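Secondary and tertiary structure notes
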Amino acid sequence: MNTFASCGRQPIRMTGLTFFVIVMWAALLRAATVTPSDAVVTYVVVRALPSTKSAKIGKFSPRDRAEVLEAVPQWKKVKLANGLVGYVSAKWVTEAEPISLKRSSTEPISVTGATGPMPLLTNGHPVTWWFVFKFNSAKFPSCGPGATPECSFGGQVQSYTASNPPASSQQFVYASSESPTLQQGAGCVGDNDADPVGATFGQVYNGSFHYVVWNDQFYNSPPIVGCPKFCDAPWGHSKGIIAWNDDAEGLLMQVTTPSWPAAGSYALPRQNDGNTLGCTHNNNLKFSQHFFALRLNHGDLVKVLKSLQTASVATDPAKLQIVSNGGPQDVQDLVTSLGAQSETTVATIVTLSTGVELISKPSALHVPPWQMVSALLGGIPLRVATWWSESKINSTTFDTPIGCWNAALGRPGPVEIATSGQWNGISFGLTGGISSGDHNHAKIGVSKSGSHHYAIFGDMNQEGALTESTPGGCATQQNGQGGLFFVIDSPTLASSISDLINGATAATD
């Protein structure tokens, strides 16, 4: 076989053997890993093309590692840990030993600093946002076919993952900004970098970012002042993690899982408990849960931090296990003010750079949570699925009297309570309860009509009161707590989630 390549205007004749050697050499280069050389003090510029005149698209910091995809004269085409692909000057990088994408409880995967963390579908596959719905243990037990739980972020596999019948589920479906239709995931959600939850959390946990972890159900690991075991009203009913770099570029991950996550870095691991789904003492895998991740810029991060303040989320800026402060001064000041109970009665709604709307309910605003969301979105009808077990708020119509209300919110539309849903012909429960594994702890909703097609990911259950005559009054249950709601206007995503929670409906009041 003869092959010709052109170098300038002079053809170069290559034999089949020569061509084979070049191909193999290129393959070895693609498998190589580089890191900034010892001469680099700040960072190596990542460019769109192999030229100093090309646009700057990223930063490659000391101690970071990148996979070499291709070598050209004086340049290397690389893929950074966050998935960014570009060119770096060959004179400023040096080869490094490849590192494993999996880790023991004390061994980091990688260190990433200058480039902000991003929502990942798998390791190296960034997106703007993703949504994961984890099924319950009664209808979708254990993990996906051929997969077994592992504890990549600390802890030991718990007995509830191996009970008979199984008392846990790590099967899941997911959608993303790249593909907003729900699809079946593989493996055990949250265990390693092969799924959205594990890949996104692992990027933060094994990196070197600033972060805030909050959860009203840490179960004293770590302890939060004023919370004997978990944080009740007037603390916010909210769980999640935000992480960012020195430029305040980062991500948010909303979770509904009690007791996870509870540490933001492998360098400051959780004490006396695990920090991986399926590896915590509390079985947060028995019921359905949801997770939502979103990319943030500096302005978004400021808005999120202010919304967390309004919602009175449970955290402690003095505990490095759950808060590592840093970045711009305005961000640091807002982080320092977290971990306090807000007295405001004003709900907020802001639009982030991605077009996602963020609603924050304050604990002192004693109104039913999802009616509040409907009103702030223009009184649209909603169908919602939450933990619905005690002090239940039934489905409501336009005519349902709501005495626990603030006129400044406007008028809410009907709110329909989903009590069952389906996936691939299998029906599953969407109510709260402990009688079996066929229950739900996710908090999701969709708009039912109107010009917008909303998918909503919330912190709060539809439990509380519509009128003052309810035992406990207007402040009972979730009415008296704060929380966040993320709203995406997407016909495809809303339709897909609507199908997921399509089933039986609670009666109206």
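All figures in this text were calculated on a predicted structure; none of them were measured in a lab.

What follows concerns the overall build of the protein chain. For the protein chain, the count of helices and strands is six helices and 26 strands. Taken across its 509 residues, the protein chain has 54% of its residues classed as buried. Taking the intrachain contacts of the protein chain between residues at least 6 apart in sequence as the baseline, contacts between residues at least 24 apart amount to 73%.

Applying the stated criterion across every chain, the model contains four disulfides. Each sulfur in the disulfide pair C143 and C188 lies 2.0 Å from the other. Measuring handedness by torsion sign, the sulfur bridge of C143 and C188 sits at about 110° and is right-handed. Separated by 45 residues along the polypeptide, C143 in the loop between β10 (129-134) and β11 (172-176) and C188 in the loop between β12 (183-184) and α2 (196-205) bring together distant segments of the chain. For the pair C143 and C188, one class covers both residues: buried. Residue C404 pairs covalently with C474 via a disulfide, S to S 2.0 Å. Across the S-S bond linking C404 and C474, the dihedral sits near -80°, which makes this disulfide left-handed.

Two pairing modes exist for strands in a sheet, parallel and antiparallel, and in both the strands are linked by backbone hydrogen bonds. The strand order across the open sheet formed by eight strands is β12-β11-β10-β16-β15-β14-β13-β17, and the pairing between neighbours is antiparallel. The open sheet is flanked by β12 and β17 (323-324), the only strands paired with a single partner. Sheet topology places strand β13 (residues 210-215) next to strand β14 (residues 239-244); six bridges connect them, and they run antiparallel. Within the sheet, the bridge partner assigned to V213 lies in β14 and is I241. Running at roughly 150° to β14, helix α3 (residues 298-311) makes contact with β13, β14, β15 (250-255) and β16 (289-296) of the sheet.

Right, let's talk about the sheet that holds strand β19 (residues 357-361) for a bit. Reading across the sheet, the seven strands line up as β18-β19-β26-β25-β24-β20-β21 and stay open at both edges, with mixed pairing between neighbours. Edge strands, defined here as strands with exactly one partner in the open sheet, are β18 (348-351) and β21 (415-417). The sheet shows a mean angle of 20° between the axes of neighbouring strands, direction not considered. In terms of strand pairing, strand β24 (residues 444-447) meets strand β25 (residues 454-458) through three bridges, oriented antiparallel. In the sheet register, V446 faces β25, and the bridge partner there is A455. Contacts from α3 reach β18, β19 and β26 (483-489), with the element oriented near 25° to β19. Packed onto the sheet, helix α5 (residues 369-376) meets β18, β19, β20 (382-385), β21, β24, β25 and β26 and runs at close to 135° relative to β19.

On to the confidence of the model for the protein chain, then. Of the residues in the protein chain, 90% have a pLDDT of 70 or more, and the chain-wide mean is 89. Contacts for the low-pLDDT stretch residues 98-113, under 50 throughout, to residues beyond four places or in other chains number 43 contacts.

To continue, consider the pairing of strand β23 (residues 426-429). In terms of strand pairing, strand β22 (residues 420-423) meets β23 through four bridges, oriented antiparallel. By the bridge assignment, Q422 is partnered in β23 with S427. Taking the residues between adjacent antiparallel strands as the criterion, β22 and β23 are bridged by two residues, where N424 takes a positive phi near 50°.

Right, let's get into the nonpolar core. Core analysis: the largest hydrophobic core is formed by 84 residues, its most contacted members being F133 and I242. With six residues, the single largest contributor to this core is α3. In contact with F133, other than residues within four places in its own chain, are Q171, F172, V173, S288, Q289, F428, L430, N440, A442, I444 and L500. One finds L377, L409, V415 and V487 within the second-largest nonpolar core, a separate group that totals 22 residues.

This part takes up the environment of V157. Mapped onto the secondary structure, V157 falls in the loop between β10 and β11. A sequence separation of 122 residues divides V157 from C279, and the C-alpha atoms of the two residues are 4.7 Å apart. The contacts of V157, once residues within four sequence positions are left out, are P149, E150, C151, G278 and C279.

Mapped onto the elements, H237 comes out in the loop between β13 and β14. On the accessibility criterion, H237 (8% relative accessible area) is buried. A polar side-chain atom of H237 sits 2.9 Å from the main-chain carbonyl oxygen of D459. Polar contacts involving the side chain of H237 include one to the side chain of Q478, which spans 3.4 Å. Excluding residues that lie within four positions of it along the chain, H237 makes contacts with D216, K443, D459, M460, N461, Q478, Q481, G482 and G483.

To continue, consider unusual backbone geometry. The omega angle of the peptide bond from A233 to P234 is 10°, so this bond is cis rather than trans. Along the chain, P234 turns up in the loop between β13 and β14. Between W260 and the following residue, P261, the backbone shows a cis peptide bond with an omega angle of -10°. Its identity as a non-glycine residue notwithstanding, S312 has a phi of 55°, on the positive side. Within the fold, S312 resides in the loop between α3 and β17. The residue N424 is not glycine, and still its phi comes out positive at about 50°. Secondary-structure assignment places N424 in the loop between β22 and β23.

Among the 10 residues of α2, 10 are classified as buried, and the element is accordingly described as predominantly covered. Restricting attention to buried positions, one finds in α2 the residues P196, V197, G198, A199, T200, F201, G202, Q203, V204 and Y205. Residues of α2 that are buried sit in contact with β10, β11, β14, β15 and β16. By the N-cap criterion, in which a side-chain oxygen at the helix start approaches the backbone nitrogen of a residue two or three places on, α2 is capped by D195, the distance to V197 being 2.9 Å.

On to the side chain of T476. By the secondary structure assignment, T476 is in the loop between β25 and β26. Residue T476 is classed as buried on the basis of its relative accessible area of 13%.

Calculation notes
- Residues numbered from 1 in each chain as written.
- Predicted model: local features only at pLDDT ≥ 70, side-chain atom pairs only at ≥ 80, totals over all residues.
- Heavy atoms only, no water.
- Helix = DSSP H or I, 4+ residues; strand = E, 2+ residues; numbered from the N terminus.
- Buried < 20%, exposed > 50% of the residue type's maximum accessible area, 1.4 Å probe, protein only.
- Contact = heavy atoms within 4.5 Å.
- Disulfide = S-S within 2.5 Å.
- Pairing = 2+ DSSP bridges.
- Axes fitted to C-alpha atoms, helices over the stretch in contact; angles between N-to-C directions.
- pLDDT = per-residue confidence, 0-100.
- Core = buried A, V, L, I, M, F, W, Y, C linked by side-chain atoms within 4.5 Å.
- Polar contact = N/O pair within 3.5 Å; in protein donor to acceptor, adjacent residues only side chain to side chain.

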